[in-house]
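What follows is the residue order along each chain.
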Amino acid sequence: PRVFLMDEPLSNLDAQLRAQTRAMLIKLHRRLRVTTVYVTHDQVEAMTMGERVAVFNRGELHQVDTPRNIYDSPANRFVGEFIGSPGMNFLRLAVRQSGEGVSLVVGKRLVDVPRKFAETLKALSEVHLGVRPEAVRLQQEEGFALGGVPAGVELVEPLGGEYLVHLRIEGMRLVARLSLQRHIPSDGDTVPVYVDADRLCFFHVESGARLPAEG
């Protein structure tokens, strides 16, 4: 065949057999190099098996790109929330002019926005800040932003090799993915939050579209 069409072929398998069969299909595709259209609701299958991924919702195509670009640069909020487990965090924040730059209002603090986003955000009053769980830290590191905004720890989920820490900042929820090598807080703690400035995404509040950065 010149094209294979696979419609959720692994959906009825148990978890272990599903992982084994997924690896077999990847190896088979690399050996045969036949175009394969693979339909799945399992984002792990899409991210690991796809060379290009098309994300649909209610019959509407939202984004077509490589798995890496879809994860790092989702076209809109739906893609950011849908791709990833857990999905991208979103904080709805007010925008304020700050001298020649732009700041975000986080509780009672003003947090500077990276300069590459200033021109895009200065005409807006509100914006959705998006950040992946693994880009959130609870200790200061070079290149991280948000300036140690305090957050309450609601729940800590141990997942073996990592932890998911569920946080609340001024009524907004945020999930951090931390490795075992890092300090893990306990339920009820108050911790400072930092995010990787290079992995910030901003989205229009009404349309949900990702806003471009300069340069």
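What counts, and where the lines are drawn
- Residues numbered from 1 in each chain as written.
- Predicted model: local features only at pLDDT ≥ 70, side-chain atom pairs only at ≥ 80, totals over all residues.
- Heavy atoms only, no water.
- Pairing = 2+ DSSP bridges.
- Helix = DSSP H or I, 4+ residues; strand = E, 2+ residues; numbered from the N terminus.
- Axes fitted to C-alpha atoms, helices over the stretch in contact; angles between N-to-C directions.
- Phe/Tyr/Trp six-rings, centres within 6.5 Å; stacked < 30°, edge-to-face > 60°.
- Lys NZ or Arg CZ within 6 Å of the ring centre and 35° of its normal.
- Patch = residues over 30% accessible without salt bridge, like charges linked within 9 Å, V, L, I, M, F, W, Y side chains within 5 Å.
- Areas by Shrake-Rupley, 256 points an atom, 1.4 Å probe, with all protein chains shown as cover.
- Salt bridge = Lys/Arg side-chain N within 4 Å of Asp/Glu carboxyl O.
- 1 Å grid on protein atoms, 1.4 Å probe; cavity = no way out; pocket = protein on both sides within 12 Å on 5 of 7 lines; lining within 4 Å.
- Points joined across faces, edges and corners; volume = space filled by probe spheres on them.
- Nonpolar A, V, L, I, M, F, W, Y, C, P; charged D, E, K, R; others polar.
- Buried < 20%, exposed > 50% of the residue type's maximum accessible area, 1.4 Å probe, protein only.
- Expected span 1.5 Å × (residues − 1).
- Arc of directions from axis to C-beta.
- Contact = heavy atoms within 4.5 Å.
- Polar contact = N/O pair within 3.5 Å; in protein donor to acceptor, adjacent residues only side chain to side chain.

**Some thoughts on the sheet that holds strand β7 (residues 109-112)**
Reasoning step 1: Taken together, the five strands give an open sheet; going across it, the order is β7-β6-β5-β8-β14, and neighbouring strands pair in antiparallel fashion. For this open sheet the edge positions go to β7 and β14 (201-203), each flanked by a neighbour on one side alone. Averaged over neighbouring strand pairs, the angle between their axes works out to 45° when direction is ignored.
Reasoning step 2: As paired strands, strand β5 (residues 89-98) and strand β8 (residues 126-131) are joined by six bridges and run antiparallel to one another. Pairing of Asn89 across the sheet is with Val131, part of β8.

**Considering the packing of aromatic side chains**
Reasoning step 1: Using the criterion set out here, one finds three aromatic pairs in the structure.
Reasoning step 2: Aromatic pair Phe78 and Phe82: ring centres 5.5 Å apart, planes at 10°, arrangement stacked. Placement of the pair is Phe78 and Phe82 together in helix α4 (residues 77-82), with a separation of four residues, close to one helical turn.
Reasoning step 3: Geometrically, the ring pair formed by Phe117 and Phe202 is edge-to-face, given 4.7 Å between the ring centres and 65° between the ring planes. With Phe117 in the loop between β7 and α5 (118-121) and Phe202 in strand β14, this pair connects stretches of sequence that are 85 residues apart.
Reasoning step 4: When the ring centre of Phe90 is taken as reference, the NZ or CZ atom of Arg77 above it lies at 4.3 Å.
Reasoning step 5: Positioned above the aromatic ring of Tyr71 is the side chain of Arg132, whose terminal nitrogen or guanidinium carbon lies 4.0 Å from the ring centre.

**Describing a nonpolar patch on the surface**
Reasoning step 1: On the surface, Val3, Leu5, Val37 and Val39 cluster together to form a nonpolar patch covering roughly 350 Å² of accessible area.
Reasoning step 2: Contributing elements (two or more residues each) for the nonpolar patch: β1 (3-7) and β2 (35-39).

**Brief notes about the layout of surface pockets**
Reasoning step 1: Volume-wise, the largest pocket comes out at about 930 Å³.
Reasoning step 2: Around the largest pocket sit 33 residues that line it, and Thr36, Val37, Tyr38, Gly50 and Arg52 are the ones nearest its centre.
Reasoning step 3: Put simply, the parts of the chain that give the lining of the largest pocket at least two residues each are β1, α1 (15-32), β2, α2 (43-49) and β3 (53-57).
Reasoning step 4: Top element by residues in the lining of the largest pocket is α1. It accounts for six residues.
Reasoning step 5: Split into classes, the residues belonging to the lining of the largest pocket amount to 18 nonpolar, nine polar and six charged.

**Here we look at unusual backbone geometry**
Phi is mostly negative for residues that are not glycine, and the peptide bonds are mostly trans.
Reasoning step 1: In the segment running from Ser85 into Pro86, the intervening peptide bond is cis, with an omega of 0°.
Reasoning step 2: Looking at the secondary structure, you find Pro86 in the loop between α4 and β5.
Reasoning step 3: Although it is not a glycine, Glu8 adopts a positive phi angle of roughly 45°.
Reasoning step 4: Here Glu8 is to be found in the loop between β1 and α1.
Reasoning step 5: A relative accessible area of 28% means that Glu8 is categorised as partly exposed.
Reasoning step 6: Of note in the backbone geometry, Arg58 takes a positive phi value of approximately 55° without being a glycine.

**Re α1**
Reasoning step 1: Taking 1.5 Å per residue, 18 residues should reach 26 Å; α1 reaches 26 Å between its end C-alpha atoms and fits that length.
Reasoning step 2: Of all the residues in α1, the buried ones are Arg18, Thr21, Arg22, Leu25 and Ile26. Along α1, the residues classed as buried sweep out an arc of 145° about the axis, all on the same side. Of the residues in α1, the exposed ones pointing more than 90 degrees away from the buried face are Gln16, Met24, Lys27, Arg30 and Arg31.
Reasoning step 3: On its buried side, α1 packs onto β1, β2 and α2.
Reasoning step 4: Arg33 sits one or two residues past α1 and shows a positive phi near 55°.

**Focus: the side chain of Gln63**
Reasoning step 1: Residue placement: Gln63 occurs in strand β4 (residues 60-65).
Reasoning step 2: The exposure class assigned to Gln63 is buried, which follows from its relative accessible area of 8%.
Reasoning step 3: Within the structure, the side chain of Gln63 is placed 2.7 Å from the backbone nitrogen of Ala75, a separation counted as a polar contact.
Reasoning step 4: If we ignore the near neighbours within four places in the chain, the residues touching Gln63 are Val53, Ala54, Val55, Asn69, Ile70, Ser73, Pro74, Ala75 and Val79.

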